[in-house]
Amino acid sequence: MFRRATILVLACASTFSALAQTSRIFITTLNCNAFFGGGETKMQLGQPQTAKDYWRKAENLAGLWPTNAPLLVGLQEIGGVREAVYLSQFAAARYHHSFQPVFAETKDTFTGEAVGVVMDLDQGWHIAGKPGRVPELDSDLSKHLVVRLTNNFSALEICIVHLRRPIGKYGKLQQQDQDQALKKWADGRLAKNPHANIIILGDFNEAKAPGEADASLAALVPPAGTMRDSFSLAGGTFHTHANGKAYDRILISDALAAGGAGWKFENVFVQKHTHGKGAEKYWFTDHFPVTAVFTLTPKK
C-alpha cells in the first residue's frame, strides 16, 4: 500500500470554482471493498489482480455514486493516495466537474487499508486548513480523516472513519473504544461551538439496526452522545450491505438536524445495487453508497 508520513492533498486547497453555490448538497460514503493493486499485500482480500481489473473496478465504483454530483465522497478500503486520485478522475469524467482527492496515512497494520475523500470543487466550497488525522482520534482509530470545508457563509467539519469489526477476543471492546473516542472528539468540537455543522460518516461495522440501545454506535447518539444518526432521523429500514446489515452510517450534529447554521438535513438514501455478491463483488463492492442530503437555510 502507499504509505506516506505526511498528509497528501493533490491540487491547491485554496483553489475552487467560481460557479454559483448550490442550495442543496449531497454527502456520500462508500466502502470500496479492497480497492487497491493485487500485489500490494500478501493477503487476498478480493482486490483487483490485474491493471485491467483495477481500472474496471475504479470506473464501476464511481458509477455507483448518486446521479447528482456529491460535494464529498468518503472512501473506505482504499489502498492509498493513488486510489483517491483515480476515483477523483473518474468522478470528474462522470459529472463534468473538478474533483480534488484527499488522503491521509493509515495506521492499519493488519490490512494496510486506508480512508480518503474526493471533493467537488465546482460547488463553491474549499478545504480550510490541513486535512488529516487528529490527535484526539490517533491512538484509537487507525483509519480516520478529518476535512473542514468552508464557503462564503458556512462551514462543515467531516470525519471519515472505518471502524474495526467486533470479532476476536477483544474486537468488540476495541470497537467500543473507537466509538467512545469519536464521542469524545465530537463532544469536544461541539463544546467549543454548539452550532457547528459536524458529520461523522463511514463504515462503522455496526451490525445492530439503527436506534438499538445495545449497539456500539449508541455511545455517539442520544441519550449518551451528541450526534444524530441520519437513518433514525429519516425513519424506516435501511440496509447498506449485500448481507442486509446497516454497517455504513452518516451521523450529524444537532445544528445540521435543525438547520441552525446554514444547512439542514433533508433526507438520507441508500443506493442498492445487484453487484455485491458472488463474482460481481470483485468488480464492484458489497457495500451500497449512502448519501445524506442537506438544504440551504438562513442562519438563525
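What you see is a predicted model, and the numbers here were worked out from it, not measured in a lab.

(A) Quick peek at the sheet that holds strand S6 (residues 126-127). Read from one edge to the other, the open sheet built from six strands follows the order S6-S7-S8-S9-S11-S10, with strand pairing classed as mixed. Looking at which strands have only one partner, the edges of the open sheet turn out to be S6 and strand S10 (227-229). Sheet topology note: the strand S8 (residues 155-162)/strand S9 (residues 198-203) ladder contains six bridges and is parallel. When the sheet's bridge partners are listed, Cys159 is paired in S9 with Ile200. Sheet contacts for helix H4 (residues 171-192): strand S7 (144-150), S8, S9, S10 and strand S11 (248-253); angle to S9, the most-contacted strand, approximately 165 degrees.

(B) The arrangement of the pattern of salt bridges in detail. On inspection of all chains with the given rule, the structure shows 12 salt bridges. Among the salt bridges present, the one from Arg82 reaches Glu83, with a minimum N-O distance of 3.0 Å. Here Glu157 makes a salt bridge to Arg148, at a shortest N to O gap of 2.8 Å. You can call Arg148 partly exposed: its relative accessible area is 28%. Within the structure, one salt-bridge network assembled from shared partners comprises Lys107, Arg133 and Asp138.

(C) Molecular detail of helix H1 (residues 51-63). Between its first and last C-alpha, H1 extends 19 Å over 13 residues, near the 18 Å set by a 1.5 Å rise per residue. Every buried residue of H1 is accounted for by Asp53, Tyr54, Lys57, Ala58, Asn60, Leu61 and Ala62. Among the structural elements, strand S2 (24-35), helix H2 (81-95) and helix H7 (280-283) are those in contact with the buried residues of H1.

(D) Just the pairing of strand S5 (residues 114-120), in detail. Most of S5 is tucked away, with seven of its seven residues classed as buried. Of the two faces of S5, the one lined by Ala114, Gly116, Val118 and Asp120 and the one lined by Val115, Val117 and Met119 are each fully buried. Taken together, the six bridges between strand S3 (residues 72-78) and S5 define a ladder with antiparallel strand orientation. Looking at S5, one finds that Leu72 is bridged to Met119. The pairing of strand S4 (residues 99-103) with S5 spans five bridges and is antiparallel.

(E) The packing of aromatic side chains, seen in detail. Across all of its chains, the model carries 12 aromatic pairs by this definition. Arranged with centres 6.0 Å apart and planes meeting at 85 degrees, the rings of Tyr54 and Tyr86 form a pair that is edge-to-face. Taken as a pair, Tyr54 in helix H1 and Tyr86 in helix H2 lie far apart in primary sequence, 32 residues in all. Of the residues examined, Tyr54 reaches a relative accessible area of 6% and is grouped as buried. Look at Trp55 and Tyr86: their rings are 4.5 Å apart centre to centre, the planes differ by 40 degrees, and that puts the pair in the tilted class. Of the two residues, Trp55 is situated in helix H1 and Tyr86 in helix H2; the sequence distance between them amounts to 31 residues. Trp55 sits in the partly exposed class, given a relative accessible area of 36%.

Calculation notes
- Residues numbered from 1 in each chain as written.
- Predicted model: local features only at pLDDT ≥ 70, side-chain atom pairs only at ≥ 80, totals over all residues.
- Heavy atoms only, no water.
- Pairing = 2+ DSSP bridges.
- Helix = DSSP H or I, 4+ residues; strand = E, 2+ residues; numbered from the N terminus.
- Contact = heavy atoms within 4.5 Å.
- Axes fitted to C-alpha atoms, helices over the stretch in contact; angles between N-to-C directions.
- Salt bridge = Lys/Arg side-chain N within 4 Å of Asp/Glu carboxyl O.
- Buried < 20%, exposed > 50% of the residue type's maximum accessible area, 1.4 Å probe, protein only.
- Expected span 1.5 Å × (residues − 1).
- Phe/Tyr/Trp six-rings, centres within 6.5 Å; stacked < 30°, edge-to-face > 60°.

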